[in-house]
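Residues per chain are reported as follows:
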Amino acid sequence: MVIGCLGCVGAVKESRPLLLAFFILLLLIFFLEILSIMLFFIYQDEIDHYAQRDLKKGLQLFGTEGNVGLTNAWMIVQTDFRCCGVTNHTDWFEVYNATRVPDSCCLEYSDNCGLDNPGTWWTAPCYERVKDWLNENLVALWIFALCTALTQILGLVFSMTMFCQAVKVETFYA
């Protein structure tokens, strides 16, 4: 937002230093985004491993004081994606130190249904379900990424065009 304001003020005032600063910062952000995408694809297996590990650590905070958002997020994910746990429903056994799961893991939701027979629980892993959902919506993600990149490239082109025009105007009136 600050960088956008820098570009707007630079354009309105036709300030060469502000336009150049905007161009350099926007170019830096653009290259960092490209680098992030490249690193994501290069280290995809490691990212998967760390994400699953951190999600399992997050399960330990389920239902604890001050973690209402995390608890609600897990309940919503498990209900909407019809899944249970990170890798499977046994992830919850470590959280509860018992053979039980949250009620959001149940095929048919009811109070304390997570204490019932494991045959009444979702068996699909949530990590894989969410990953599959992201893969199904990959086209929308790429369209968003391309629109963002196009907007940034246009910002770079227009800021440099204004920067160059400001030089010509100063030279012309000097």
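Model, not experiment: these values are computed from the prediction. (Residues numbered from 1 in each chain as written. Predicted model: local features only at pLDDT ≥ 70, side-chain atom pairs only at ≥ 80, totals over all residues. Heavy atoms only, no water.)

1. Concerning helix α4 (residues 68–80)
For an α-helix, the turn length of 3.6 residues means that residues three or four places apart are oriented alike.
Here is step 1 of the chain: Across its 13 residues, α4 extends 18 Å between first and last C-alpha, which sits within 8% of the 18 Å expected from 1.5 Å per residue.
Here is step 2 of the chain: Among the residues of α4, Thr71, Trp74 and Gln78 are the ones counted as buried. The arc that holds the buried residues of α4, viewed along the axis, is 65°, so those residues lie on one side. In this structure, α4 carries Val68, Gly69, Ile76 and Asp80 as exposed residues pointing more than 90 degrees from its buried face.
Here is step 3 of the chain: In the core, the buried residues of α4 are packed alongside α3 (44–59), α5 (91–96) and α6 (126–136).
Here is step 4 of the chain: Positive phi shows up at arginine 82, right after α4, with a value of about 50°. (Helix = DSSP H or I, 4+ residues; strand = E, 2+ residues; numbered from the N terminus. Expected span 1.5 Å × (residues − 1). Buried < 20%, exposed > 50% of the residue type's maximum accessible area, 1.4 Å probe, protein only. Arc of directions from axis to C-beta. Contact = heavy atoms within 4.5 Å.)

2. Details of the UniProt feature "transmembrane region" (unreviewed entry) in the protein
Here is step 1 of the chain: Within this structure's numbering, the places UniProt gives as "transmembrane region" (unreviewed entry) are residues 20–43 and 139–163.
Here is step 2 of the chain: Annotated as 96% helix and 0% strand, the span residues 20–43 places its first and last C-alpha atoms 34 Å apart.
Here is step 3 of the chain: Taken end to end, residues 139–163 comprises 100% helix and 0% strand; its first and last C-alpha atoms sit 36 Å apart. (UniProt positions renumbered as here; feature names shortened; annotations may be inferred.)

3. So, the packing of helix α1 (residues 2–13) against helix α2 (residues 16–42)
Here is step 1 of the chain: Close contact between α1 and α2 brings their axes to 8 Å; oriented N to C, the two are set at 150°. Here α1 is positioned roughly antiparallel relative to α2, judged by the angle of their axes. Judged by the twist between their axes, the crossing of α1 over α2 is left-handed. Here α1 contributes Ile3, Gly4, Leu6, Gly7, Val9, Gly10 and Ala11 to the contact with α2, which in turn contributes Leu18, Leu19, Ala21, Phe22, Leu25 and Ile29. (Axes fitted to C-alpha atoms, helices over the stretch in contact; angles between N-to-C directions. Parallel < 35°, antiparallel > 145°, perpendicular 65-115°, else oblique. Left-handed = near helix turned anticlockwise from the far one by under 90°.)

4. Topic: the packing of aromatic side chains
Here is step 1 of the chain: Applying the stated criterion across every chain, the model contains eight aromatic pairs.
Here is step 2 of the chain: Look at phenylalanine 40 and phenylalanine 41: their rings are 5.5 Å apart centre to centre, the planes differ by 75°, and that puts the pair in the edge-to-face class.
Here is step 3 of the chain: One aromatic cluster is present, formed by Phe62, Trp74, Trp92 and Tyr96 through successive ring pairs.
Here is step 4 of the chain: We note arginine 100 situated over the ring of tyrosine 96; from NZ or CZ to the ring centre the distance is 4.3 Å. (Phe/Tyr/Trp six-rings, centres within 6.5 Å; stacked < 30°, edge-to-face > 60°. Lys NZ or Arg CZ within 6 Å of the ring centre and 35° of its normal.)

5. Observations concerning the environment of tryptophan 74
Here is step 1 of the chain: One can find tryptophan 74 in helix α4.
Here is step 2 of the chain: Along the chain, tryptophan 74 and leucine 61 lie 13 residues apart, while their C-alpha atoms are 11 Å from each other.
Here is step 3 of the chain: Sequence-distant contacts of tryptophan 74, that is, excluding residues within four places in its chain, are made with Leu55, Leu59, Phe62, Gly85, Val86, Trp92, Ser104 and Cys126.

6. Quick word on the side chain of serine 159
Here is step 1 of the chain: Along the chain, serine 159 turns up in helix α7 (residues 138–173).
Here is step 2 of the chain: Within the structure, serine 159 has its side chain in polar contact with the backbone oxygen of leucine 156 (distance 3.0 Å).
Here is step 3 of the chain: With residues near it in sequence (within four places) discarded, serine 159 still touches Leu19, Phe22 and Phe23. (Polar contact = N/O pair within 3.5 Å; in protein donor to acceptor, adjacent residues only side chain to side chain.)

7. Digging into the state of the cysteines
Here is step 1 of the chain: In the structure shown here, the tally under the stated rule is three disulfides.
Here is step 2 of the chain: Covalently, cysteine 84 is tied to cysteine 105 through a disulfide, its sulfur atoms 2.1 Å apart. When the S-S torsion is 90°, as for the bridge of cysteine 84 with cysteine 105, the disulfide is right-handed. Remark: cysteine 105 occurs in the loop between α5 and α6 and cysteine 84 occurs in the loop between α4 and α5; sequence separation between them is 21 residues.
Here is step 3 of the chain: Overall, cysteine 84 belongs to the buried group, its relative accessible area being 0%.
Here is step 4 of the chain: Take cysteine 105: its relative accessible area is 0%, and that puts it in the buried class.
Here is step 5 of the chain: Disulfide pairing is shown between cysteine 106 and cysteine 113; the S-S distance is 2.1 Å. With the S-S dihedral at roughly 110°, the linkage between cysteine 106 and cysteine 113 falls on the right-handed side. (Disulfide = S-S within 2.5 Å.)

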